[in-house]
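So the chains spell out like this:
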Amino acid sequence: MDPDWHDDEKLIEALRDALASADEVPSAFVEAGKAAFAWRTIDAELAALTYDSAQDPLDALAIRSESAILRSLTFASDGWTVELELTPNAVLGQLDPPEVGLVTARGDGGKLAEAEIDELGFFVLGPPPNNPYRLVCTTQSGTTILTGWITP
Amino acid sequence: MRDDSTVVDLVTRARGGEKNAWDELVERYAPLVYSVCRRCRLAQPDIDDVGQSVWLRLVEHLPGLREPAALPGWIATTTQRECFRLIRATSRVEPVDFVQAPDVPEQAIAEEEVLRHERKTILRTAFAELSRRCQVLLGLLMQDPPAPYDEISRRLQVPIGSIGPNRARCLTRLRQTPALARLAADGPDDRTRG
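Rules used throughout
Residues numbered from 1 in each chain as written. Chains lettered and ligands numbered in written order. Predicted model: local features only at pLDDT ≥ 70, side-chain atom pairs only at ≥ 80, totals over all residues. Helix = DSSP H or I, 4+ residues; strand = E, 2+ residues; numbered from the N terminus. Buried ≥ 20, exposed ≤ 12 C-beta atoms within 10 Å, placed from the backbone. Contact = placed C-beta atoms within 7 Å.

Enquirer: Let's hear about the overall build of chain B: which residues, and what values?
Expert: Within chain B, the regular secondary structure consists of ten helices and zero strands. Reading the helices (α) and strands (β) of chain B from amino to carboxyl end gives α-α-α-α-α-α-α-α-α-α.

Next up, the structure:
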């Protein structure tokens, strides 16, 4: 036992700290962790968010003024990049390096939408899911790439 | 780790597809993931991202986990790597001092967080083993600022003069709970005295 804990004041302080740090973890954070179990059957490369126009005030402005694109996102893993443009009617995607395959939007509840990836690595997934989802890209050569969560 | 057998059991069951064993693992280690993220000074949305990556990697990693007892260390190290990766990828967060300090080995930080997490878990377990009365009393005393003695006296229906001795008794019981007694039986825990 920590010798400090023989001192009443220090023990109370350590206890307060221990109880407080359990409280500071938001329950949504814990619930999201529990939900991750649903993904255990997917053996995929994780592609993390590296760019989000919603985080970029200048770009968000440019996008709003010139087109129907609501938001653009980039996800990257070690070997792959998935660039997305969210429009009101569809999710436009580009897989790089390009490869033929299948893309699926999945939420915690399962499959929400599916589309083919063409030989240029391009895909159109529509209509866009209304609930948070992640994209699972499965290429012809057998690689599976899983993006982070996308919240419409 | 002193709760090896529990962790091994949870990992084995989660591997077998038992959702509630997984849930328990997440509940147990979410504070560890969270505290490493906080230490990297990430904002909430980034913490959520890192959390997702860590849990997904763990789901993936479970079948190949050869030493379930090493799980807390694995979780802390993975969380830290994911934090660094996110910081590098987005550069939205000011790098923390230790990120730039080349003389602090990655492993040492993760290990330190694991020990802190372990200590806190033991204290929380010990607290849960106390009588309801002791929990209420200590809870009132731990408030910031601590509840005044006359309020404690009213809530617990004890004379003001006995609050001090009761507090001492409850703390002694805390030290004698199986959770803390196990620690004492192992001798002074030098590992936590970095």
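Picking up where we left off.
Enquirer: Outline the environment of Tyr29 of chain B, listing residues and values.
Expert: All names here are of chain B. Here Tyr29 is to be found in helix H2 (residues 19-39). Using a count of 25 C-beta atoms within 10 Å as the deciding quantity, one classes Tyr29 as buried. Through-space distance from the C-alpha of Tyr29 to that of Pro72 is 7.4 Å; in sequence the pair is 43 residues apart. Apart from the residues within four sequence positions on either side, Tyr29 is in contact with Pro72 and Ile75.

Enquirer: Any details on unusual backbone geometry? Residues and values, ideally.
Expert: Of note, the amide linkage connecting Asp96 of chain A to Pro97 of chain A takes the cis form, showing an omega dihedral of 0°. In this structure, Pro127 of chain A follows Gly126 of chain A across a cis peptide bond, with omega equal to -10°. With respect to the helices and strands, Pro127 of chain A occurs in the loop between strand E7 (122-125) and strand E8 (134-139). Backbone geometry places Arg41 of chain B, a non-glycine residue, at a positive phi of 55°. Structurally, the position occupied by Arg41 of chain B is in the loop between H2 and helix H3 (44-61). Among the residues examined, Arg41 of chain B registers 15 C-beta atoms within 10 Å and is labelled partly exposed. Even without a glycine there, the phi angle at Gln157 of chain B is positive, about 55°. Inspection of the secondary structure puts Gln157 of chain B in the loop between helix H8 (149-156) and helix H9 (163-176).

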